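Commentary on secondary and tertiary structure
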Amino acid sequence: MNKLDAKIPEGPLAEKWNQYKAAMKLVSPNNKKKLDIIVVGTGISGAPAAATLAELGYNVKSFCYQDTPRRAHSVAAQGGINAAKNYKNDGDSVYRLFYDMIKGGDYRAREANVYRAAEVSNAIIDQLTAQGVPFAREYGGTLANRTFGGVQVSRTFYAQGQTGQQVLLGGYSALKRQVAKGKVKMFSRRQMLDIVVVDGKARGIITRNLVTGEIERHVAHAVVLATGGYGTIYYLSTLAVNSNGSAAWQAYKKGAFFGNPSFVQIHPTCIPVLNEYQSKLTLMSESLRNDGRIWVPKAKGDKRNPNDIPDEERDYYLERRYPAFGNLVPRDVAARAAKERCDSGYGVGKTGLAVYLDFRDAVQKQGKKVIKGKYGNLFELYEKITGESPYETPMMIYPAGHYTMGGLWVDYNLMTTIPGLFAIGEANFSDHGANRLGASSLMQGAGDGYFILPNTISNYLADEIRTKLPSTDAQEFVDAENAAVERLNKFLNINGKQTVKSFHKRLGNIMWDYCGMKRNEEGLKKALKMIDDLQKEFWRDVKIPGKLDEINQELEKASRVADFFELAKLMVNDALNRKESCGAHFREESQTEGGEAQRIDDQYSYVAAWEYQGDDKPPKLHKEMLKFENVEVKVRSYK
Amino acid sequence: MKIKLRVWRQENSKAKGKFVKYELDGVDPEMSFLEMLDALNEKLIKEDKDPVAFENDCREGICGSCGLYINGYPHGKGNKIATCQLHMRVFKDGDTITIEPWRSQGFPVLKDLIVDRNAFDKIMSAGGFVSIDAGQAPDANSIWVPKENADKAFDAAACIGCGACVAACKNSSAMLFVAAKVSQLALLPQGKAEAKRRALNMVAKMDELGFGSCTNTGACEAECPKGISIENIARLNREYLSASFSEPE
Ligand SMILES: Cc1cc2nc3c(=O)[nH]c(=O)nc-3n(C[C@H](O)[C@H](O)[C@H](O)COP(=O)(O)OP(=O)(O)OC[C@H]3O[C@@H](n4cnc5c(N)ncnc54)[C@H](O)[C@@H]3O)c2cc1C
Ligand code: SF4
Ligand code: FES
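Predicted model only: the values in this text are computed from it and were never measured.

Calculation criteria
- Residues numbered from 1 in each chain as written.
- Chains lettered and ligands numbered in written order.
- Predicted model: local features only at pLDDT ≥ 70, side-chain atom pairs only at ≥ 80, totals over all residues.
- Heavy atoms only, no water.
- Helix = DSSP H or I, 4+ residues; strand = E, 2+ residues; numbered from the N terminus.
- Rg over C-alpha atoms; globule rule 2.2 N^0.38 Å.
- Buried < 20%, exposed > 50% of the residue type's maximum accessible area, 1.4 Å probe, protein only.
- Areas by Shrake-Rupley, 256 points an atom, 1.4 Å probe, with all protein chains shown as cover.
- Near = heavy atom within 4 Å.
- Nonpolar A, V, L, I, M, F, W, Y, C, P; charged D, E, K, R; others polar.
- Disulfide = S-S within 2.5 Å.
- Domains from an automatic or database assignment.
- Contact = heavy atoms within 4.5 Å.
- Buried area = accessible area lost by both parts, 1.4 Å probe.
- Salt bridge = Lys/Arg side-chain N within 4 Å of Asp/Glu carboxyl O.
- Polar contact = N/O pair within 3.5 Å; in protein donor to acceptor, adjacent residues only side chain to side chain.
- Axes fitted to C-alpha atoms, helices over the stretch in contact; angles between N-to-C directions.
- Parallel < 35°, antiparallel > 145°, perpendicular 65-115°, else oblique.
- Left-handed = near helix turned anticlockwise from the far one by under 90°.

Along chain A, the regular secondary structure elements total 17 helices and 19 strands. A compact globule built from 639 residues would reach a C-alpha radius of gyration of about 26 Å, and chain A, at 24 Å, matches this within 12%. In terms of overall dimensions, chain A has a C-alpha envelope of 75 × 60 × 50 Å along the principal axes. When each of the 639 residues of chain A is scored for burial, the buried share is 68%. Element-wise, carbon and sulfur atoms account for 48% of the exposed surface of chain A, whose accessible area totals about 21400 Å².

The next thing to look at is the site of ligand 2. By nearness alone, 13 residues border ligand 2, and Cys 159, Cys 162, Gly 163, Cys 165 and Cys 224 of chain B come closest of all. In terms of residue class, the shell around ligand 2 is made up of 11 nonpolar, two polar and no charged.

For the structure on display, the rule yields zero disulfides over all chains. The structure places no disulfide on Cys 582 of chain A, whose sulfur is separated from the nearest cysteine sulfur, that of Cys 515 of chain A, by 12 Å. Of all cysteine sulfurs in the structure, the one in Cys 220 of chain B sits closest to Cys 169 of chain B, which takes part in no disulfide; the separation is 6.7 Å.

With that settled, consider the domain arrangement of chain B. All names here are of chain B. You can read the domains of chain B as domain 1 (3–110) and domain 2 (118–246). Taking only C-alpha atoms into account, the centre of domain 1 sits 29 Å from that of domain 2. With 21 residues of domain 1 in contact, the opposing surface of domain 2 contributes 21 residues. Taking both sides of the interface into account, the surface hidden between domain 1 and domain 2 amounts to around 1400 Å²; carbon and sulfur atoms contribute 55%. If you sort the residues of domain 1 by the area they bury against domain 2, Pro 74, Lys 80 and Phe 107 come out on top, with a joint share of 34%. Where domain 1 meets domain 2, there are zero salt bridges. Our enumeration of links across domain 1 and domain 2 arrives at four residue pairs in polar contact (both at pLDDT 80 or more). Here the side of domain 1 that touches domain 2 is composed, by residue class, of 10 nonpolar, eight polar and three charged.

Another point: the packing of helix α1 (residues 16–23) of chain A against helix α12 (residues 441–461) of chain A. Residue and element names in this part refer to chain A. Between α1 and α12, whose axes approach to 10 Å, the crossing angle comes to 40°. Regarding the angle of α1 to α12, the classification is oblique. The handedness of the crossing between α1 and α12 comes out as left-handed. Here α1 contributes Trp 17, Tyr 20 and Lys 21 to the contact with α12, which in turn contributes Phe 451, Ile 452, Asn 455, Thr 456 and Asn 459. Residue composition of the contact of α1 with α12, by class: four nonpolar, three polar and one charged.

Below, the structure is given as structure tokens:
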């Protein structure tokens, strides 16, 4: 029997959420005080979730691995956050935002969830503005908007190139307010090591205190994972270097299904790899494509200074291939087009793995001052890293791993297949299908945290009021802790010769080459074998210095990388299973004559949800069939 | 390049620390400062030694995790960047670089170059927010904010909470950090209702946690990676004074 039930409410699309809220079970204020909730993660989904649940009256325990919740990876988001406000009067609406996301995701997301995400988007902007988030404004004092890739309306709210920081700090301030009130207990510098399931329900977590090394048990009526994405599996990516997939992976191994693990967004505009020491790739916000024009020389191997190459000898390949959207095609399309040009020998820069993003025309037309107003801090960021000024010479950019559409499978309640375990933000698989549109992740995460989860969790907790919580001495807690400690000790006892970083780098290369922007059966099969071999080598030869009961950063890294090996195999298996191309998942076997992604709707119009069967057994595939009742499924075209 | 390093090593918060010297060969000018430390750590691990503990995450100057005292200045001297944005091209072959953790009573050392900045969280809890529950907010465009004020509020809000201002200050004052938050919210209509209480409570918390007082040396502004201006301190002082003279809290 298929265990997957997405629990989508009945009724017309636009009514589902309201009807759900009208019918859902509530927890009275008096009972909320008796219920404890664990929220792991303090990014744009987790911080608002913890704060909002506390505002409602629940007792919340909030966890993050950084020294303070304000440093969650969301802080690095640059370009903006979407909402269907239609402040520009340019024809935007909740439906259009929903439609853009469904289409942008190449028809691989669930209609009802996406519609709801669009529906709550406006309230997010209201909430953030009221918190004092300093969004960009027009001279008249109203909020400003800009356009992002893949859409034709202006619906993105922003705070220079630091939108994530500002939006996150709004959530962080709400969280701090509840900490002051004693409704949230904050546990910073904690690494979650495992989920504890008692009688089939998520009842707690095991953590390691990253300062003392102490292993701790935490119990609650429900557990929420807001632990972000796993793009760091590529080693080099745009994510904060400690971002990881471990919390989601532990949940998977405890029975939560993993949805579409191979759906990873490769972002088209990042500073290219400069040298072999590089530890991360810096994103150059997509908003730059509003004014920057992307090109490569028409002649192969043209080594001239880009400013000396006249227009007739430049190939503005996005404008050429996609006249309707030009430089503003969605990310997957832009990334593949860049790879295609470079693979064909037209790439620029030292490595030939870069294309130009040129502001010459924009500066000429709008003046340096206006361009500086829009992108000043991004240009500075670029100059700090490369030593070159984008006002003078075109930027060089190349795609890099950025966002994981895949994640824990959740139903309409944002609950995983483990009752009582919820997943929000980038950690779940839900709203972006096979490709995410710009500025819609902050929107989805904040929507989950402020407005969706606080409702749906009450529907679950209403039946838990009378449940007596297990003690942390329960066998399940003891077992989970013992297993976690055993694993950490195992790392410390291998005493091999190679560093964790060297393994991570090698794994990243395999994933980038075979399970990155383009995939094919032969390569994926090869990758499986290579990952397996590398994983064995890791467990034989990794070297972790230090002890358990102290700050030990190598030990932290080791457990992340060990999980990445396992997750990598699931990603590859998922990519192998899906023989179609869709969105960011490009199977070379399935493309049109023009080299565009070719979906195979009659076979793959489903979410692949994988169930763990044991370390030595292949995972089991469950299919959630996608029904499109409100949009017509079309070939995604940006021409 | 070949670089000589003097690095502060301290096993834990109770242990006594000391400088240890290292030499690192093959440093590429294109490396970032943290990548140079990565290289040092790879070397130490292979030599069976304990790697240097230092904090970092985003590696692009926005999370505020990294913060090293480099040759006597937080994040390196007066360059308006965070440690992770510093590149080895600013050093020369044969240079000696001294690396220490933040030194301040408010930020105890936990290990090597890692300090405890929990005090900043406590100051924020004392009032660094607008009291608004989810769902209560009016339509965003019903609150109009003149662009200049919004821009100034943004400039103040750009603080990454790294603590360099404290590390740079001879009094270990956290004034710039507190002023940035108080200013951001005082400049916006949304923050006005609680402005007085916020200024009083955040300053009181800062004092309670053992940060020193501000004597306007300007060292904080000079070392702040986000260019937070000491004008904000002037604004905080005004807010604080007007609050102290009006209602007693
Ligand atoms: C450079 C960059 C720019 C971006 N720009 C934009 C943009 O302009 N607009 C947009 O919409 N999206 C953008 N995105 C995407 C967006 O920032 C992320 O998808 C989003 O912020 C994820 O938020 P989150 O709440 O899911 O998780 P995160 O912010 O990643 O937070 C994860 C949290 O989980 C905690 N955690 C993780 N694992 C553990 C563990 N094992 N134990 C304890 N705690 C743990 C961490 O401490 C952290 O608090 C950008 C992404 C990048 C990389
Ligand atoms: S004011 Fe500047 S130096 Fe101080 S914490 Fe903020 S960003 Fe860092
Ligand atoms: S590592 Fe994030 S600011 Fe330096």
